[in-house]
Amino acid sequence: MLTSCNEGMWSRTVLVVVVVLLSISLPLTAWAGAHSAIIDVASATNTDASYATLADPDAQFSINDLLYHSKSYPWQARQGDVSRGVFAYPLWMKFTLGNSDAKQQRYLLEYTDPGPYQVDLYVVDRHGGIDQTYHYNREQPLSQKPYPNAGAVFPVDVPYGEQYTVYARITHKMGGVFSRFAIWHPAHFVQYESIETALYGGIYTSFFIFCFIALVIFFATKERSFLFYSGLTFTSAISLMHLDGHWTFLQFEHGVPVNHAVLWTGAYVFMALGFARSYLNLSEQLPWADKLVRNAMWLGLIIILLGLLDHIEVAGLLMMLSMLVILMVPFISVYLILAKQQKVRLFTLAWFIYGGAITIQFALRQVGIVPHLPITTYSGAIGAMIEMGLLTISMGFRVLDLKRERDQVRDAHVAHLEQFNTQLEAQVKAQTQALEQAKTKAEHDARTDPLTQLNNRRSFYELAPKLIKTMLRSQTSACAIAIDIDHFKQVNDNYGHDAGDLVLVQVTNVLAQNIRENDLLARLGGEEFSILALTQSPAHASDYAERVRAAVANGVIHLDNGLRLNVTVSIGVYLFNHDDSLSQVLNRADTALYRAKQNGRNQVHMWQPTAQLIHPSGHDS
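Residues numbered from 1 in each chain as written. Predicted model: local features only at pLDDT ≥ 70, side-chain atom pairs only at ≥ 80, totals over all residues. Heavy atoms only, no water.

Asks: Sorry if this is basic, but what is going on with the overall build of the protein here?
Replies: Counting secondary structure elements, the protein contains 18 helices and 19 strands. Within the protein, the fraction of its 621 residues that count as buried is 46%. Split by element, the accessible area of the protein, about 31500 Å² in all, is 59% carbon and sulfur. (Helix = DSSP H or I, 4+ residues; strand = E, 2+ residues; numbered from the N terminus. Buried < 20%, exposed > 50% of the residue type's maximum accessible area, 1.4 Å probe, protein only. Areas by Shrake-Rupley, 256 points an atom, 1.4 Å probe, with all protein chains shown as cover.)

Structural data, given as structure tokens:
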């Protein structure tokens, strides 16, 4: 009986112990998760050997959820393969640390990419309690970061023989996300940082020296490619300082907004493509490529605008795309070398090196096409230094080319001065001819009616006396014919002055077609015309004038508005004698003209000695 009781008591005791052990082990199992391999901080250099990741697309998980919530989370166990792709939501990472070194318990965990926006780190002991907490934000002042370093570096205490599980919540706003922490002994990290700072300091100093030299050369030569090169080196240095976080050292107390990196990268893209256009002289050498590169420069301005509007995620994608756009430049220069025989080999080599380097760091590495290694992480800075060195040499050759071109210009100028006298004489001769031609034209214009291109009154009065003498010397009769368009004022009043001008031109054409080569035809003013012609007799003169009148009367004038118009002329004819003056000739022809007007218009009237002289002012056209 006693034995039976003791056995029952022992059974109950064992059951209680089992229940207690299970109640303790279940939370620990939930805390430890699916991945339990331990990384020894004393010997490991990074966390690649054993870790797990958990995507948080809705940014809803907290450390307490992951430690104490009963829900099972889809952690993925990983080893190596640290590139997770490009996204803007948080990624959780966890790994277990142990320490086999009894002399050292403090180590540094460094997130190995310089681009995270925020990293929250939680060190959890073996009992599930949070032992250490750190929060890194890219925009924090340096004095507020977990460790006095521009990057995400965290001091973690791992005592000898203890085990800690580290949870890291990693958030990127631009570029790719990586799941790797480097493990550093503090003394080794200080040495590494000293070397890195010296290298970067040398790179930045070189950039600013190149910038200053190029700017000085630009002011001396006015060559635009040197201005763009100065801007390229400056923006390249500033953008690298922002992307790698080194600008934080210059703003220790204030921090640096992440959009500053976007702004300077956009400026760099604009300057890089502008320099390529100017240096390669694409506007003359390859207009299609010039248009392509000029349009691509807008990508830099768009990145700047997105930075100002704080659209960092979209700007980050365009920044990666811009690296591929920049990589098209060396292929254009290769074409220039092969097709145009341009001397741009150093430029091409420099651009290939830098274009490939930044494409590796800021594009291919971000999406996992190339591995996340120190050489790929810093390939942009290394490529930039090599590129700037080669471009500086290339720009030096450009200075020599400019000097050679100026020498050639000077020699050409000397040759030009030697030929100047000959050219000046030729110019004087040409100017003299031009003046003579201008004089001839001016004299012609002064004697020509601008509307009808007939001789005007001045020309008629100059030519008529000579022609009359010639006619009289030929022992033949000559006549003066005065012509006036009937009712011309009504044409202007009813149809407008444009129609009146058209009538004058059409009547002129008819008159010109019905006179002989040696006759003198002139427009004396308004609607009045005059002809001096040789004739055989009064009857012949009358027939000649009648032929002219009939030709005008039978003509049809088509106005611009579609109307058809018929006009007539009245004509007065006078056969002059040897002792008649020009004034007498014209007055008597006018007298006959106005007699024709008085007799009903549209007729020819020969001057008669008994005809009464009618003053023109008393006549209505």
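What follows picks up the thread again.
Asks: I would appreciate a short explanation of the sheet that holds strand β9 (residues 153-157) in the present structure.
Replies: Within a sheet, neighbouring strands are paired by backbone hydrogen bonds and run either parallel or antiparallel to one another. If you trace the three strands from one edge of the open sheet to the other, you get β9-β6-β12, paired in antiparallel fashion. Each edge of the sheet is formed by a strand with only one pairing partner; in this case those strands are β9 and β12 (181-184). If you compare each strand with its neighbour and ignore which way they point, the axes differ by 30° on average. Of the pairings in the sheet, the one linking strand β6 (residues 106-111) to β12 comprises four bridges and is antiparallel in character. In the sheet register, E110 faces β12, and the bridge partner there is A182. (Pairing = 2+ DSSP bridges. Axes fitted to C-alpha atoms, helices over the stretch in contact; angles between N-to-C directions.)

Asks: How should I be thinking about the packing of aromatic side chains in this particular structure?
Replies: Between two aromatic rings, the relevant description is the distance of the centres plus the angle of the planes. One pass over the structure, following the stated rule, counts 20 aromatic pairs. Judged by centre distance (5.8 Å) and plane angle (45°), the ring pair of F95 and F181 falls under tilted. In this pair, F95 is assigned in strand β5 (residues 91-98) and F181 in strand β12, connecting sequence segments 86 residues apart. For F95, a relative accessible area of 1% gives the class buried. Using a relative accessible area of 0% as the deciding quantity, one classes F181 as buried. One aromatic cluster in this structure is built from F95, Y111, Y134, F154 and F181. Here the basic side chain of K94 rests over the ring of W75, its NZ or CZ set 4.5 Å away from the ring centre. (Phe/Tyr/Trp six-rings, centres within 6.5 Å; stacked < 30°, edge-to-face > 60°. Lys NZ or Arg CZ within 6 Å of the ring centre and 35° of its normal.)

Asks: Any chance you could explain the sheet that holds strand β19 (residues 604-606) here in plain terms?
Replies: Across the sheet, which stays open at both edges, the five strands sit in the order β14-β15-β13-β18-β19 with mixed pairing between neighbours. Of all the strands in the sheet, just β14 (520-525) and β19 have a single pairing partner and so form its edges. Put simply, the sheet's adjacent strands are angled 20° from each other on average, direction ignored.

Asks: Please explain helix α14 (residues 457-473) as it appears in this structure.
Replies: What sets the pattern is the α-helix's 3.6 residues per turn: residues three or four places apart point alike. Here α14 contains 17 residues, and its C-alpha end-to-end distance of 24 Å stays within 8% of the 24 Å for a straight helix at 1.5 Å per residue. At A464, α14 shows its strongest bend, of approximately 30°, with the proline P465 following within four residues. Within α14, the full set of buried residues consists of S459, F460, A464, L467, I468, M471 and L472. The N-cap residue of α14 is N456: its side-chain oxygen and the backbone nitrogen of R458 are 3.3 Å apart. Residue Q475 follows α14 closely and has a positive phi angle near 60°. (Expected span 1.5 Å × (residues − 1). Bend = angle between axes of the 7 residues up to and from the residue. Polar contact = N/O pair within 3.5 Å; in protein donor to acceptor, adjacent residues only side chain to side chain.)

Asks: It is not clear to me how the pattern of salt bridges should be interpreted in this structure. Could you clarify?
Replies: Any two side chains of opposite charge can pair, so long as their charged atoms come close to each other. Scanning all chains against the criterion turns up 15 salt bridges. With a shortest N-O distance of 3.8 Å, R126 and E162 are connected by a salt bridge. Taken together, the residues span a long stretch of sequence, with R126 in the loop between β7 (118-124) and β8 (130-137) and E162 in the loop between β9 and β10 (163-171) at a distance of 36 residues. The salt bridge involving D449 is made with R523; its shortest N-O contact spans 3.1 Å. Remark: R523 occurs in strand β14 and D449 occurs in the loop between α13 (420-446) and α14; sequence separation between them is 74 residues. (Salt bridge = Lys/Arg side-chain N within 4 Å of Asp/Glu carboxyl O.)

Asks: What am I meant to see in the nonpolar core here?
Replies: Most often, soluble globular proteins have nonpolar side chains that are buried together. Membership of the largest hydrophobic core comes to 63 residues, with the highest contact counts inside it found for Y229, L273, F275, I326 and F347. When residues of this core are traced back to their parent elements, those giving at least two are α3 (186-221), α4 (224-243), α5 (259-280), α7 (287-308), α8 (312-326), α9 (328-340), α10 (345-364) and α12 (379-418). The element best represented in this core is α5, accounting for ten residues. Each residue touching L273, except ones within four places of it in the same chain, is listed here: V293, A296, M297, V325, I326 and V329. (Core = buried A, V, L, I, M, F, W, Y, C linked by side-chain atoms within 4.5 Å. Contact = heavy atoms within 4.5 Å.)

Asks: What's the story with the confidence of the model for the protein in this structure? I'm lost.
Replies: Do not read the predicted coordinates in detail wherever pLDDT is low. Summarising the model, the protein shows a mean pLDDT of 82, and 90% of its residues fall at 70 or more. Here residues 1-35 is modelled with pLDDT under 50, and outside its nearest four sequence neighbours on either side it reaches 21 contacts, counting other chains as well. In the model, residues 611-620 has pLDDT below 50 throughout and makes 14 contacts with residues more than four positions away in sequence or in other chains. (pLDDT = per-residue confidence, 0-100.)

Asks: I would appreciate a short explanation of the pairing of β6 in the present structure.
Replies: On a regular strand, each side chain points to the face opposite its neighbour's, so the side chains alternate between the two faces of the sheet. In terms of burial, β6 is a largely internal element, five of the six residues being buried. Alignment of β6 against β9, held across five bridges, turns out to be antiparallel. Within the sheet, the bridge partner assigned to L109 lies in β9 and is F154.

Asks: Hey, could you run me through the environment of A102 in this one?
Replies: Position of A102 among the secondary structure elements: in the loop between β5 and β6. The class for A102 is exposed, based on a relative accessible area of 59%. The spatial distance from the C-alpha of A102 to the C-alpha of P159 is 7.6 Å, given a sequence separation of 57 residues.

Asks: I tried to follow the pairing of strand β15 (residues 528-535) on my own but got confused; where do I start?
Replies: Among the eight residues in β15, six count as buried, and that is most of the element. The pairing of strand β13 (residues 477-485) with β15 spans eight bridges and is classified as antiparallel. Note that in β15 the partner of C479 across the bridge is A533. Bridge count between β14 and β15: five bridges; the pairing is antiparallel. Residue R523 lies in a different strand from β15, and its bridge partner there is F529. The turn joining β14 and β15, which pair antiparallel and follow one another in sequence, is formed by two residues; a positive phi near 55° is taken by G526.

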